[in-house]
Each structure stands twice: as structure tokens, then as C-alpha cells.
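# A look at the structure
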Amino acid sequence: MKKISWVTHPQYDIPLPKNHKFTSSKFSDLLSELEKSGLSKYANIFYPEKAAISDLLKVHDRNYIDKILNGTLDPAEERRLGLKWSPELSNRSFLAVNGTLLTAKLAMKEGIACHVAGGTHHSHFDFGSGYCVFNDLAYTSRSLIENKIISKVLIFDCDVHQGDGTAKILEKNNDIFTCSIHCKNNFPARKAKSDLDVELEDNLDSHQYLKILNQTLERCMKLFNPEFVLYDAGVDIHLNDELGKLKVDDAGLIKRDEIVLQFFKSLSIPIATVIGGGYSKNKIELAKRHASIFKAAKNIFLED
């Protein structure tokens, strides 16, 4: 049986206070849901090693990297990050950023690969923000290009929040195209400038959202001719997401993922997926939403 490569790690979960908006166990919850639903039988599992400091310097300031390594963020920096530092958070951050790079390398060989984490697009060059420590999208795209694995990368970001850190870090990289489809009246309050920003009004339903999605895919291909795609499949566009503001339902969510995957598959452009944002007090519901991209990958790549 043909399988899809997934990248994960047992040390992705982090300790957080009980009522924190970020679900500290979301990565193991997702893996459990994928196993329960039977999707894991279609997967080959891979585990990343920690990113080296020398590699992270492609996209981050050394002083900031050291603060994450050693736990020396000041209270204001922790507030901006939205996460309290812990050894587990530090360890996870060095692992997960390399997890997306490993996913990309596997996708280059196989056409598709999925990371059971990633999408930390609010992380900037010298500070963390919005629960994002290191920017895996910027790090992966720069690494692929600098190591001459690929020459043109599209970052297609469908998280409900703008990928501001990604846009800022990569603003001078003409070989990386950043596209962000996000809710206009949502975090961050001060937006960066992506190569293509598509701002959505509040309360857009599935039909309206998918129409804009299709138009945006076509626009990206007119503006840029990628050899590889990094897809941020954030599920915070869902109507029940606590930080979302859109009205996309379950069917619209999986349809979005299937449209994106089918679009690039039909062009023979390999694609690596990351899970992006998603927020709910109900851990099981959140895991089911995040499972959407894995279902879509199976539907598009294994059911020809």
C-alpha cells in the first residue's frame, strides 16, 4: 500500500496553565485522533532532529536564539510570545522548526508530506509572537534555497491570522513568494506586507471563502512560478474557532485542503503541509479539525 510521510515527535507537547488559549497537548491529541480514525495506517512516520543554531541564523537573531535556548526572555518578551518559557518549550522549538524542513525534503521526493505541527508564522527575526517561537516556514524555505535543493518556493498561508513574521523575514527574498489569506480584523493588529495579501471580512461562509481561495491560487500562479509549496493549513478559519471570526464549516474546511492539494498536484508541484493555528476548549474537536489536512492528503494523493 502506498503511504504518505508524516513528521512528528513525542516531545512536541509543552506544559501550560490549564485555561491557556493554546492547547498544550494539541500535537499528541492530533496524533491520537489520526490513529483512532484509521488514517495512520496510510502513513510512514519520521522524527526530526533539533535544528542547529548555525542553521537557525538563516532567519533568526543569535541573541534571540540564545534567549530561547537558555530561558532568558524577559517578562515583556514572554507576554508578546504568549507562552511561558520552559525547557520543554525550548526543546520543542528546536525540534519543530526542523520538522517542517524534514517534511519539505520528504515532499520533494514523494510529491506530498505532512507535518503534525508547524505553521509558526508570527515569529519574527528577533522576537517571538502569537505562540510562535521560531519561524518554520521562513527557515524551511531559506534552507531549501540556500542548500540548492530548490530555487523557487511559494508559502501559501491559509491560517486565519496574517503570516506577518514570515512576510517580514522574507521581504527581500525574490525567490520565495509569501501569500497570506487572512481575516482583516484579526491578529496581528499591525499587518506586515506579504507578496500577496488577501484580506477577508468577518463571517465569511464556506462558499464565499472557497471562491476567494480558488481565485487566489490562480493569482499566485500568474505572479510566481514555484517549484515547491509550503502550505499552512490553519484550522482557525472554522466557525467554532475561539480566535477565528470566519464561518467556514467542517465540509468547507476539508474542501479547502482538497482544493489546495489538488491544484498543486495537477501542476506536478510538490507540497509540504503544516497544521497552523486552531483554538478550542474542546481538545477532541480541535484534533478532528486539524486531522482535515491529513484526510485531504489521503483523498487526493492515495485515491486516484
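Anything mentioned here points back to the structure above.
The present account deals with the structure reproduced in this document. Remember, predicted model here, so these are calculated numbers, not experimental data.

One finds Phe156, Leu213, Leu261 and Phe294 to be the most contacted residues of the largest nonpolar core, which totals 96 residues. Among the elements that line this core, the one with the most residues is helix α5 (residues 87-110), at 9 residues. Non-local contacts of Phe294, meaning those with residues more than four positions away in its chain, are made with Trp6, Leu30, Leu34, Leu39, Cys114, His115, Val116 and Ile275.

Turning our eyes to something else, we now look at the sheet that holds strand β8 (residues 271-274). Here we have 8 strands laid out as an open sheet, ordered β2-β1-β3-β8-β7-β4-β5-β6, and parallel in their pairing. Of all the strands in the sheet, just β2 (43-46) and β6 (196-200) have a single pairing partner and so form its edges. Neighbour-to-neighbour, the strand axes of the sheet open up by a mean angle of 15°, direction not taken into account. Against the sheet, helix α11 (residues 292-301) engages β1 (4-7), β3 (112-115), β7 (228-232) and β8, with an angle of about 170° to β3.

With that out of the way, let us pick up the packing of aromatic side chains. Aromatic ring pairs are defined here through the distance separating the ring centres and the angle between the ring planes. As enumerated under the stated definition, the model contains 11 aromatic pairs in all. Aromatic side chains Tyr131 and Tyr279 sit 5.9 Å apart centroid to centroid with 50° between the ring planes, which places their arrangement in the tilted category. Taken together, the residues span a long stretch of sequence, with Tyr131 in the loop between β3 and α6 (136-146) and Tyr279 in the loop between β8 and α10 (283-290) at a distance of 148 residues. The pair formed by Tyr131 and Tyr279 is uniform in burial state, with each residue classed as buried. One aromatic cluster is present, formed by Tyr12, Phe22, Phe27, Tyr131 and Tyr279 through successive ring pairs. Looking at Lys152, its charged tip hangs above the ring of Phe224, at a distance of 4.8 Å from the centre.

A word on the pairing of β2. Each regular strand shows side chains that alternate between the opposite faces of the sheet. As judged from the 4 bridges shared by β1 and β2, these two strands associate in the parallel manner. In the sheet register, Ser5 faces β2, and the bridge partner there is Asn44. Read from β1 through helix α1 (residues 26-36) to β2, the crossover connection turns out right-handed.

The subject of this paragraph is the side chain of His124. When you line up the elements, His124 lands in the loop between β3 and α6. Overall, the relative accessible area of 12% leaves His124 in the buried class. Not counting residues up to four positions away in its chain, the partners in contact with His124 are His60, Asp164, Gly165, Lys168 and Ile169.

We now examine the packing of α1 against α10. Running from N to C, α1 and α10 point in directions that differ by 70°, and their axes come no closer than 8 Å. The orientation of α1 relative to α10 falls into the category roughly perpendicular. Helix-helix and strand crossings are classified by hand; for α1 and α10 the assignment is right-handed. From α1, Lys26, Asp29, Leu30 and Glu33 reach across to α10, where they touch Lys283, Leu286, Ala287, Lys288 and His290. Counted by class, the contact of α1 with α10 contains 3 nonpolar, 1 polar and 5 charged residues.

In this section: the pattern of salt bridges. Going through the model one piece at a time under the given rule, you end up with 9 salt bridges. Two residues, Lys168 and Glu171, come together in a salt bridge whose shortest N-O distance is 3.4 Å. Put simply, Glu201 and Lys184 hold a salt bridge, and the shortest N to O gap is 3.0 Å. On the criterion of sequence distance, the pair formed by Glu201 in the loop between β6 and α8 (206-223) and Lys184 in the loop between β5 (176-183) and β6 is long-range, its members being 17 residues apart. A relative accessible area of 33% means that Lys184 is categorised as partly exposed.

What follows concerns the packing of α10 against α11. In a pair of packed helices, the angle between the axes and the distance between the axes together describe the arrangement. Between α10 and α11, whose axes approach to 4 Å, the crossing angle comes to 30°. What the angle tells us is that α10 and α11 run roughly parallel. Facing Lys288, Arg289 and His290 of α10, the residues of α11 in contact are Ser292, Ile293 and Phe294. Counted by class, the contact of α10 with α11 contains 2 nonpolar, 2 polar and 2 charged residues.

Attention now goes to the state of the cysteines. The tally for this structure, following the rule as stated, stands at 0 disulfides. Note on Cys158: no disulfide assigned, nearest cysteine sulfur contributed by Cys179 at a separation of 7.1 Å. Free of any disulfide, Cys183 has its nearest cysteine sulfur in Cys158, 14 Å distant.

What follows concerns the environment of Pro10. Note that Pro10 resides in the loop between β1 and α1. The exposed category is assigned to Pro10, whose relative accessible area is 67%. Put simply, Pro10 and Val59 are 49 residues apart on the chain and 25 Å apart in space, counted from C-alpha to C-alpha.

Parameters and conventions
The numbers attached to residues start from 1 for each chain and follow its sequence in the written order. Owing to the predicted nature of the model, reporting of local features is limited to residues with pLDDT of at least 70; listing and counting of side-chain atom pairs is limited to 80 or more, with chain, interface and lining totals taken over all residues. Here the side-chain values reflect all heavy atoms present in the structure, with hydrogen atoms and water set aside. As used here, the term nonpolar core means buried Ala, Val, Leu, Ile, Met, Phe, Trp, Tyr and Cys residues forming a set that is joined through side-chain atoms within 4.5 Å. Per-residue accessibility, obtained with a 1.4 Å probe over protein chains only, is compared with the maximum for each type, and a residue is labelled buried under 20%, exposed over 50%, and partly exposed between these values. The helix count covers DSSP runs of H or I at least four residues long, the strand count covers runs of E at least two residues long, and both are numbered beginning at the N terminus. Two residues qualify as a contact provided that any one of their heavy atoms is within 4.5 Å of a heavy atom in the partner residue. Any two strands with at least two DSSP bridges between them are considered paired. Working convention: axes come from line fits to C-alpha atoms, limited for helices to the stretch in contact. Angles between N-to-C directions cover 0 to 180 degrees. Here is the rule: rings of Phe, Tyr and Trp (six-membered ring for Trp) pair when centre to centre is within 6.5 Å. Planes less than 30 degrees apart are stacked, more than 60 are edge-to-face, and the remainder are tilted. The criterion for a charge sitting over a ring is simple: Lys NZ or Arg CZ within 6 Å of the ring centre, and within 35 degrees of the ring normal. Convention used here: a crossover is right-handed provided that the path from the first strand, over the helix, to the second strand proceeds clockwise when the strands point away from the viewer. Just so you know how the angles are binned, under 35 degrees is roughly parallel, over 145 roughly antiparallel, 65 to 115 roughly perpendicular, and the rest oblique. Crossings are sorted by hand: turned counterclockwise from the far helix by less than a right angle, the near helix makes the crossing left-handed, and turned clockwise it makes it right-handed. Residues are sorted three ways: Asp, Glu, Lys and Arg are charged, Ala, Val, Leu, Ile, Met, Phe, Trp, Tyr, Cys and Pro are nonpolar, and all the rest, Gly among them, are polar. Salt bridges, as used here, are contacts in which a Lys or Arg side-chain nitrogen is within 4 Å of a carboxyl oxygen on Asp or Glu. Cysteine sulfur pairs qualify as disulfides if the two atoms are within 2.5 Å.

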